[in-house]
Amino acid sequence: MSFVQHCQRIVRNPHLSPAQKARLLSLEAENALPYPDLPPAVREALDARIICDMYEGHAPYKGRYVLPDYERFLTRGSRWLELDAPRDLDEAIEALRILYHHVPSVTGMPVWLGRLDQLLLPFIGGVPEETLYRKLKALWVYLDRVLPDAFMHVNVGPDDNPVCRLILRIDAELKQVAPNLTLFYDPEISPDSLLLQGVTNIAECSKPHIANYPLNQADFDSRGFGIVSCYNVLPIGGGANTLTRLNLKAVAELSQDVDDFIGNQLPHYCELMSQLIEARCRFLHEESGFFQSFLCEEGIIEEARFVPMFGIYAMAEAVNILLEKSQLTGRYGQDEGANRLGHRISATLAAFVAVRQFAHAWRGRALLHSQAGLSIDQGTTPGVRIPYGQEPDPATHLLALAPHHRFYSSGVSEILTLEPTIRQNPQAMMQLCKGGFALGMREFSANVAGHDLVRVTGYMVKLSDIAALSEHGSRVNTTGLGAEAAELTGILQRRPRVVSDENLAGQRQ
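The following refers to the structure shown. (Residues numbered from 1 in each chain as written. Predicted model: local features only at pLDDT ≥ 70, side-chain atom pairs only at ≥ 80, totals over all residues. Heavy atoms only, no water.)

## Points about the overall build of the protein chain
Helix and strand counts for the protein chain come out as 20 helices and 14 strands. C-alpha atoms of the protein chain, sized along the principal axes, occupy 70 × 55 × 50 Å. When the 509 residues of the protein chain are sorted by exposure, 60% land in the buried category. Within the protein chain, contacts between residues at least 6 apart in sequence are counted, and of these 78% link residues at least 24 apart. (Helix = DSSP H or I, 4+ residues; strand = E, 2+ residues; numbered from the N terminus. Buried < 20%, exposed > 50% of the residue type's maximum accessible area, 1.4 Å probe, protein only. Contact = heavy atoms within 4.5 Å.)

## A look at the nonpolar core
Core analysis: the largest hydrophobic core is formed by 87 residues, its most contacted members being Tyr65, Leu116, Leu143 and Leu234. The residues contacting Leu143, other than those within four sequence positions of it, are Tyr100, Leu113, Pro148, Met152 and Pro179. Core analysis: the second largest hydrophobic core is formed by 52 residues, Phe261, Leu276, Ala316 and Leu341 among them. (Core = buried A, V, L, I, M, F, W, Y, C linked by side-chain atoms within 4.5 Å.)

## Thoughts on the sheet that holds strand β11 (residues 415-418)
Overall, mixed pairing links the five strands, which are arranged β3-β4-β5-β12-β11 in an open sheet. Taken across any chain shown, the strands that pair with only one partner, and hence form the sheet edges, are β3 (153-156) and β11. Between one strand axis and the next, the sheet turns through 25 degrees on average, direction left out of account. Two elements, strand β4 (residues 180-185) and strand β5 (residues 209-212), share four bridges in a ladder whose sense is parallel. Residue pairing across strands places Tyr185 opposite Asn212, the latter belonging to β5. (Pairing = 2+ DSSP bridges. Axes fitted to C-alpha atoms, helices over the stretch in contact; angles between N-to-C directions.)

## Things to note about the environment of Pro39
Looking at where Pro39 falls in the secondary structure, it is placed in the loop between α2 (18-30) and α3 (40-47). By relative accessible area, Pro39 is classed as partly exposed at 34%. Considered as a pair, Pro39 and Leu276 are 237 residues apart in the sequence and their alpha carbons are 8.6 Å apart.

## Quick notes on unusual backbone geometry
Cis rather than trans, the peptide bond between Gly157 and Pro158 has omega equal to 5 degrees. Assignment of secondary structure puts Pro158 in the loop between β3 and α8 (162-174). Going from Lys207 to Pro208, the amide bond is cis rather than trans, its omega being 5 degrees. By the secondary structure assignment, Pro208 is in the loop between α9 (192-205) and β5. The backbone phi angle of Ser206 is positive, close to 65 degrees, even though this residue is not glycine.

In structure tokens, the structure reads:
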């Protein structure tokens with residue numbers, strides 16, 4: 001299909017809004033431009049999708065994920081936006097709403113709205129709780145209706161405070177697709193009652209993610225980190241200039257056995273993907289003009305705090321293929337030997353990323369990332385996850401995956417699907433979360449069967465929206481991705497499980 005035909009199909013689609021059409025047309029225009037120059041071997045691996053550019057576009061002109069220093073913005077205001085520093089809660093909320101519209105990302109909308117409770121706490125003095133509740137609820141509705149993208153993400157915690165509590169309450173009440181939400185948990189700071197509210201929310205609406213705050217913070221500096229989009233951990237004041245990913249299944253298929261995979265094929269394709277990262281970052285940083293924006297000029301972002309994300313996926317398929325080629329038994333997620341091979345692969349990837357230098361990278365290195373998949377992926381499992389429908393009991397599940405987590409400093413996530421009986425016993429989910437964190441997991445996410453609102457690869461979608469999509473379209477940009485993932489990748493085949501041994505994970509340290 002020609003460029004013009006693609007554009008005509010977009011503008012004639014009766015189920016797309018004008019804004020959605022404009023977004024898709026802009027992608028067609030960008031992908032009509034020449035791709036950054038690539039070495040022939042990199043081009044070949046990219047065309048074969050052994051390495052993948054996440055379809056970010058042929059001419060990267062904005063960072064993939066942008067994490068503004070919202071605290072700096074609220075303290076100083078913005079000359080370019082003609083905004084003084086806010087003096088009260090109303091002005092702070094309005095200032096953030098204005099800036100959100102000027103924060104770019106791969107989606108065309110902001111993927112990080114900040115640590116919202118920390119940002120608003122300085123402005124709530126003297127505001128009655130009921131008034132604060134109404135203002136925060138109005139903001140939550142505004143975000144879903146005006147920025148209708150499930151990759152938009154808010155962080156709260158780890159300290160217990162009125163804004164954090166009210167955001168959790170509002171999110172459970174409204175059950176919106178957007179924004180996505182992560183609760184930071186620190187056992188030294190966060191009371192059990194806050195964690196219990198978080199897991200009770202999960203039982204109600206499959207949100208929030210719960211992040212192991214001290215484990216994540218240890219990989220970043222004093223300015224901290226944010227969790228954005230699906231589940232991506234990045235430095236505040238910067239972000240990700242690009243995200244590429246390596247198809248471990250495809251590399252395993254090209255390998256003779258485990259030794260060939262570890263010693264030859266994996267290092268080879270890691271280097272080719274590094275060269276792809278370099279080409280895309282070079283264009284963004286040196287040719288696009290992105291870092292000459294007011295965001296940089298006013299210190300809201302800093303070029304030096306952007307970092308490439310070195311993503312991988314299809315760990316499960318790679319392990320199973322390599323075991324078969326090496327005449328070994330076992331299945332990923334089910335067998336200790338298979339799980340150990342997966343952990344060895346993660347360690348090998350981390351060792352490569354730790355020494356490979358990049359010119360355009362915070363601290364000179366990429367960050368290893370367990371990538372959550374694309375809606376078009378078939379025959380592969382996201383990141384280091386266990387294939388859908390093959391999941392063991394929850395405790396065994398966490399024990400199999402926890403050793404991977406220490407390697408993936410820019411994000412690794414798993415989604416447990418639990419039976420609805422968990423609603424009567426949220427303490428069991430809380431113990432499962434604590435047990436996972438004790439084992440070294442970076443984050444805890446769960447779907448509870450029977451909800452309309454479900455987690456796909458990390459973002460949220462409503463099953464009712466998917467059902468109505470073909471006839472009515474959707475006001476939420478990401479519904480189409482969720483529908484495609486449901487059809488092609490088997491996300492709805494996740495096996496709901498009972499948490500019968502909720503303390504088991506904590507006992508097996």
